[in-house]
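# Per-entry structural report
What follows is the residue order along each chain.
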Protein chains: 2
Amino acid sequence: MDSNRDADRWGALADGTRLAIVARLADGPLAVGKLADGLPVSRSAVSQHLKILKDAGLVEDAAAGTRRIYRLNPVALAALRDQLDAFWQRALAGYADAVLAPTEED
Amino acid sequence: MDSNRDADRWGALADGTRLAIVARLADGPLAVGKLADGLPVSRSAVSQHLKILKDAGLVEDAAAGTRRIYRLNPVALAALRDQLDAFWQRALAGYADAVLAPTEED
DNA sequence: CAGGTCGGTTAGTGAATTCTAACGGTTAGT
DNA sequence: ACTAACCGTTAGAATTCACTAACCGACCTG
């Protein structure tokens, strides 16, 4: 099953610090120092979280002189959104099905 | 910050077993036994995961005789999708901004 | 009432995760 | 060349998480 790989993608957004990083990155590309400056953790932690996010394909990095700029990857976000949307639509179908035919299969 | 609360919602989807449960529930409402029957874990684990998912508002339960039927909550899924969509659109804006004006703000 | 099935909860164990602290490497400026 | 600033990595401890096993309560059938 590749559910684990998908879970890794969702897991990247599961941590509060990482979600804050993504939220901050959504406003625009940022360097690690700036990211850590607005968070209650050290730069090391931010760097590790960035590595996880980068490994999940959610962010991309670009070297800019002595600092390194990180930005979100809209494609990965769209993929996550599509999967969630599929769940949503199938859940709606299940709702309608349950209302129209409340028979329990064995 | 309520980032932790949001992180809990994402965290509910972060685990592989829980993601499999959600995927199975997306095809239609199901009882705990049926859920556990198609997963490599015991009913206890499924029940615990169901509690986490229910606590996160992603699933709802309904007593049906001696068994208990679980189904997805499309509203919660839509909320998650909206948040992801907001990230996505803001990331796109950041992309355009970076392309049009590659100046680094202080 | 006795027996069987189904589901939730608790205790306890083993593994994974997150964080800080300290180190080394790279780039820019004097 | 030297110093300063910025970033990534590693080691290690503390917390959190997921799972099995065992127990108890609820519902249906004979």
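Here, every reference points to the structure presented above.
Reference entry: report on the structure contained in this document.

Calculation notes
Residues numbered from 1 in each chain as written. Chains lettered and ligands numbered in written order. Predicted model: local features only at pLDDT ≥ 70, side-chain atom pairs only at ≥ 80, totals over all residues. Heavy atoms only, no water. Near = heavy atom within 4 Å. Polar contact = N/O pair within 3.5 Å; in protein donor to acceptor, adjacent residues only side chain to side chain. Helix = DSSP H or I, 4+ residues; strand = E, 2+ residues; numbered from the N terminus. Nonpolar A, V, L, I, M, F, W, Y, C, P; charged D, E, K, R; others polar. Pairing = 2+ DSSP bridges. Core = buried A, V, L, I, M, F, W, Y, C linked by side-chain atoms within 4.5 Å. Buried < 20%, exposed > 50% of the residue type's maximum accessible area, 1.4 Å probe, protein only. Contact = heavy atoms within 4.5 Å. Axes fitted to C-alpha atoms, helices over the stretch in contact; angles between N-to-C directions.

## Observations regarding the protein's contact with DNA strand C
Surveying the vicinity of DNA strand C reveals 22 residues, the closest of which are Arg18, Ser42 and His49 of chain A together with Arg68 and Tyr70 of chain B. Expressed as a percentage, the sugar and phosphate content of the atoms of DNA strand C within 4 Å of the protein is 69%. In this structure, a base oxygen belonging to DNA strand C sits 3.5 Å away from a side-chain N or O atom of Gln48 of chain B. A distance of 2.6 Å separates a phosphate oxygen of DNA strand C from a polar side-chain atom of Tyr70 of chain B. In terms of residues, the surface near DNA strand C owes the most to one element, helix 4 (residues 43-55) of chain A, which gives five residues. Looking at the surface near DNA strand C, its residues break down into six nonpolar, 11 polar and five charged.

## Re the protein's contact with DNA strand D
Around DNA strand D lies a shell of 21 residues, among which Tyr70 of chain A together with Thr17, Arg18, Ser42 and His49 of chain B are the nearest. Sugar plus phosphate: this is where 73% of the atoms of DNA strand D within 4 Å of the protein reside. Val32 of chain A places a main-chain nitrogen or oxygen 3.5 Å from a phosphate oxygen of DNA strand D. Among the elements of the structure, helix 3 (32-37), helix 4 and strand 3 (67-72) of chain A together with helix 2 (16-26) and helix 4 (43-55) of chain B are those that each provide at least two residues to the surface near DNA strand D.

## What to know about the pairing of strand 2 (residues 59-64) of chain B
For a regular strand, the rule is simple: side chains alternate between the two faces of the sheet. Residues and elements named next belong to chain B. For strand 2 and strand 3 (residues 67-72), the ladder comprises six bridges, and the chain directions are antiparallel. If you follow Glu60 over to strand 3, its bridge partner there is Arg71. The turn joining strand 2 and strand 3, which pair antiparallel and follow one another in sequence, is formed by two residues; a positive phi near 70 degrees is taken by Gly65.

## Thoughts on the nonpolar core
Note that soluble globular proteins tend to have their nonpolar side chains buried in a common cluster. With 56 residues, the main nonpolar core has Leu58 of chain A together with Leu58 of chain B as its most contacted residues. Contact partners of Leu58 of chain B, with chain neighbours within four places excluded, come to Arg9, Ala12, Leu13, Leu53, Arg71, Leu72, Asn73, Ala76, Leu77 and Leu80 of chain B.

## Concerning the sheet that holds strand 2 of chain B
Residue and element names in this part refer to chain B. Ordered by their spatial adjacency, three strands build an open sheet running 1-3-2, and the pairing between neighbours is antiparallel. The open sheet is flanked by strand 1 (30-31) and strand 2, the only strands paired with a single partner. Sheet analysis places strand 1 next to strand 3, joined by two bridges and oriented antiparallel. Counted as the bridge partner of Leu30 is Tyr70 from strand 3. Packing of helix 2 onto the sheet brings it into contact with strand 1, strand 2 and strand 3, and relative to strand 3 it is tilted by some 90 degrees.

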